[in-house]
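# Coordinate inspection notes
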Amino acid sequence: MKIFEIGVGQIHQCRTLGYIGTDVECWLFEPNKYSFNEISNRLGQEKNFKLFNLALGSENKTVKLAIHEGASYVIGAKAPALGELNHSDDKYEQTEIAMRDIRDFDTGDIDVLLLDAEGSEYDIIKSLVSRPKKIIVEMYSFGVKYTNPYFNEILEWMKTNNYKIVYEHEDFIFEKQ
């Protein structure tokens, strides 16, 4: 089994920790260098984990990232809390990071896709080679009154590709039919 976790966040938010030492391949992608260092320190020696300090999307390019208190957002993306963020404020560190095309990693064998990519979820989904058995997508963030800006597009893609919603809350869980 292969799991892609895109937008891990801090190590305590990692949803694949339960697979340490198993035969499940876990590919983790996190652009925030501070969160990535935590992840790397904890999981870097685990043989079934592959770690990548980059953002994923539908093309290869360099993007600007705003980092604040463990969260990071691609500047210019429609991300959670953007109405509350002022990226020119001194409390936000800005850095550049590589964004890679999901197709550079997706060889058609992803079984589970976990997405918390701060507004880039649809860009990733529409570029998938795989049709995972399960896709978990952040669609809401109630604490900041956020709805995924591509909510309708994601639902339409799921319908077109024969996925059914099996759970709805902040994250939606879709299963392949």
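So, here is what we can say about the structure in this document. (Residues numbered from 1 in each chain as written. Predicted model: local features only at pLDDT ≥ 70, side-chain atom pairs only at ≥ 80, totals over all residues. Heavy atoms only, no water.)

### Here's the deal with the pairing of strand β7 (residues 93–101)
Relative to β7, strand β4 (residues 55–57) runs parallel, the two sharing three bridges. In the strand pairing of β7, leucine 56 is matched with arginine 100. Looking at chain direction, strand β5 (residues 61–68) and β7 are connected through seven bridges and run antiparallel. In the sheet register, threonine 62 faces β7, and the bridge partner there is alanine 98. (Pairing = 2+ DSSP bridges. Helix = DSSP H or I, 4+ residues; strand = E, 2+ residues; numbered from the N terminus.)

### Points about the packing of aromatic side chains
As enumerated under the stated definition, the model contains ten aromatic pairs in all. With a centroid separation of 5.7 Å and 25° between ring planes, the pair formed by tryptophan 27 and phenylalanine 52 is classed as stacked. Separated by 25 residues along the polypeptide, tryptophan 27 in strand β2 (residues 25–29) and phenylalanine 52 in strand β3 (residues 49–52) bring together distant segments of the chain. Through successive ring pairs, a cluster of aromatic residues spans Phe4, Trp27, Phe29, Phe52 and Phe105. (Phe/Tyr/Trp six-rings, centres within 6.5 Å; stacked < 30°, edge-to-face > 60°.)

### Let's talk about the sheet that holds strand β8 (residues 112–115)
Taking strand neighbours across the sheet as the criterion, the seven strands line up as β3-β2-β1-β8-β9-β13-β12 in an open arrangement whose pairing is mixed. With partners counted over all chains shown, the strands left at the sheet margins are β3 and β12 (163–168), one partner each. Taking each pair of neighbouring strands and ignoring which way they run, the sheet shows an average axis angle of 15°. Sheet contacts for helix α1 (residues 33–43): β2 and β3; angle to β3, the most-contacted strand, approximately 160°. Along the sheet, helix α3 (residues 151–160) contacts β9 (134–138), β12 and β13 (171–176); its crossing angle with β13, the most-contacted strand, is approximately 15°. (Axes fitted to C-alpha atoms, helices over the stretch in contact; angles between N-to-C directions. Contact = heavy atoms within 4.5 Å.)

### A look at the sheet that holds β4
One open sheet holds the four strands; their spatial order is β4-β7-β5-β6, and the pairing between them is mixed. In this open sheet, the two edge strands, each paired with only one partner strand, are β4 and β6 (71–74). Strand-to-strand twist across the sheet, computed as the mean angle between neighbouring axes with direction ignored, equals 40°.

### Describing the environment of asparagine 161
Following the sequence through the fold, asparagine 161 ends up in the loop between α3 and β12. By relative accessible area, asparagine 161 is classed as buried at 15%. When the C-alpha positions of asparagine 161 and glutamine 177 are compared, they lie 8.9 Å apart, and in sequence the two are 16 residues distant. Other than its neighbours up to four places away in sequence, asparagine 161 contacts Arg131 and Lys176. (Buried < 20%, exposed > 50% of the residue type's maximum accessible area, 1.4 Å probe, protein only.)

### Observations regarding α3
Looking at α3, one finds that the buried residues are Phe151, Ile154, Trp157 and Met158. Along the long axis of α3, the arc covered by the buried residues comes to 130°, so they all point the same way. In α3, the exposed positions that point more than 90 degrees away from the buried face belong to Asn152, Lys159 and Thr160. At the C-terminal side of α3, asparagine 162 shows a positive phi close to 65°. (Arc of directions from axis to C-beta.)

In short, the description is geometric, and any link to function would need to be established separately.
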